[in-house]
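# Examining the three-dimensional arrangement
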Amino acid sequence: MEGQDWSVHFHPMAEVYLLYDTTLKGKDGDQERESMAVVMTTILLANIVLLETFLPSTKVFIWRAAQGILPTYANLLSRHIGSHSDCPICKCPVESILHALWECPAAKDVFCASTKKLQKMEGDFSGSFTQFWGMSTMVLSQRDQAILAITMRCIWHRRNKFIHDNVFIHPTQIAQQCILTADEFASAQSTMDDSAPSLTSVVDGGEGWKGPPNEFVKANWDAAIDKKGNCTGIGVIFRDTYGDLLACT
């Protein structure tokens, strides 16, 4: 099977959530819901990759949160590690990812000292970080979303420092430092030359790879079939305008 070359643009998120809601209304059973949840997570992860206002380390952190692989006590207990799922700070019976990063009273204290948009953001997300993050892309500016992501990462680091070192950083200190970090990174990004030429790499056959337009991501994929082993393999690579690797399978 020949490799494919796609250019993908994932905005706006509102259309994706409308599709998700109307699809679930007409179907029953866990299989349909699980399939749509996988689609939603994939779209959200692609949007995280697209955001140029995010520090690379913050992108990785939010990616892990959206994948549900942060080692909260609830996640550890589900993997038979540890003896309880309580939040180490507020003692809530279930420390989900959304609880640790947003719902915990200690996390709320941090956001109360952040931007006005983050102070006022509310909603019932049923404990789902994916649902929370998807809605945040619809109501927040890129600046506020970057501040949200950086703040969540710092809240996670504060949680770990409290567990291991019994040190608890003041919420205002975290909030103000995260705002400063987001603004400094955005300022540095704005100085980059938007007209920089796309990278070209030679592939089989002598053809050159061309980058997508600004704010687009190009997905190249290929697949192979092993008839004897009765298995199939597929690989996908996402790159931006400059040819930088963003994600791959």
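Quick look at the structure, then. What you see as residue numbers is a count from 1 along each chain, following the sequence as written. The model is predicted, so local features are restricted to residues of pLDDT at least 70 and side-chain atom pairs to those at 80 or more, both for listing and for counting; the totals for chains, interfaces and linings are taken over all residues. Excluding hydrogens and water, the side-chain values take into account all heavy atoms of the structure.

### What about the nonpolar core?
What counts here: Think of a nonpolar core as a cluster: buried Ala, Val, Leu, Ile, Met, Phe, Trp, Tyr and Cys residues, connected wherever their side-chain atoms sit within 4.5 Å. Between buried and exposed lies partly exposed: a residue is buried under 20% and exposed over 50% of the maximum accessible area for its type, with that area taken using a 1.4 Å probe on protein chains only. Helix numbers and strand numbers start at the N terminus; a helix is a DSSP run of H or I with at least 4 residues, a strand a run of E with at least 2. In this analysis, two residues are considered to be in contact whenever any of their non-hydrogen atoms come within 4.5 Å of each other.
By size, the foremost hydrophobic cluster in this structure holds 38 residues, and its most contacted members are L101, F129, F132, W133, L148 and M152. Counting residues per element, the ones that place at least two in this core are α3 (56-67), α5 (97-103), α6 (105-111), α8 (129-139), α9 (142-165) and α10 (171-190). Beyond its immediate stretch of four places on either side in the chain, L148 contacts W102, F111, L118, M121, F132, W133, S136 and L140.

### Looking at empty space enclosed by the protein
Put simply, the rule reads: Cavity means a closed set of points on a 1 Å grid over the protein atoms alone, one where a 1.4 Å probe fits but cannot get out, pocket means an open set with protein on both sides within 12 Å along at least 5 of 7 lines, and lining means a residue has an atom within 4 Å of a point. Grid points are joined across faces, edges and corners, and a volume is the space filled by probe spheres set on the points.
Scanning the entire structure with this criterion turns up one cavity of 30 Å³ or more. A volume near 60 Å³ is recorded for the largest cavity. If you trace the largest cavity, you find it lined by C87, P88, I89, E95, A100, C104, A106, A107, I155, R158 and R159. Elements that contribute at least two residues to the lining of the largest cavity include exactly α6 and α9. Per-element tally for the lining of the largest cavity: the top contributor is α9, with three residues.

### Thoughts on the environment of C87
Of note, C87 is situated in the loop between α4 (73-78) and α5. Between the C-alpha atom of C87 and that of R159, which follows or precedes it by 72 residues, the distance is 9.6 Å. The residues touching C87, leaving out its near neighbours within four places in the chain, are C92, E95, H99 and C104.

### A word on α3
We count it as follows: Expected span of a helix: the number of residues minus one, times 1.5 Å.
Between its terminal C-alpha atoms α3 stretches 17 Å, which fits the 16 Å expected from 12 residues at 1.5 Å a residue. The positive-phi residue at the C-terminal boundary of α3 is G68, with phi of around 75°.

### Description of the side chain of K218
Formally: Pairs of N or O atoms are called polar contacts if they sit within 3.5 Å, as long as, within protein, a hydrogen donor faces a hydrogen acceptor (for residues adjacent in sequence, only side-chain-to-side-chain pairs).
Here K218 is to be found in strand β2 (residues 217-226). A relative accessible area of 9% places K218 in the buried class. Of note is the side chain of K218, whose polar atom sits 2.5 Å from the backbone oxygen of K210.

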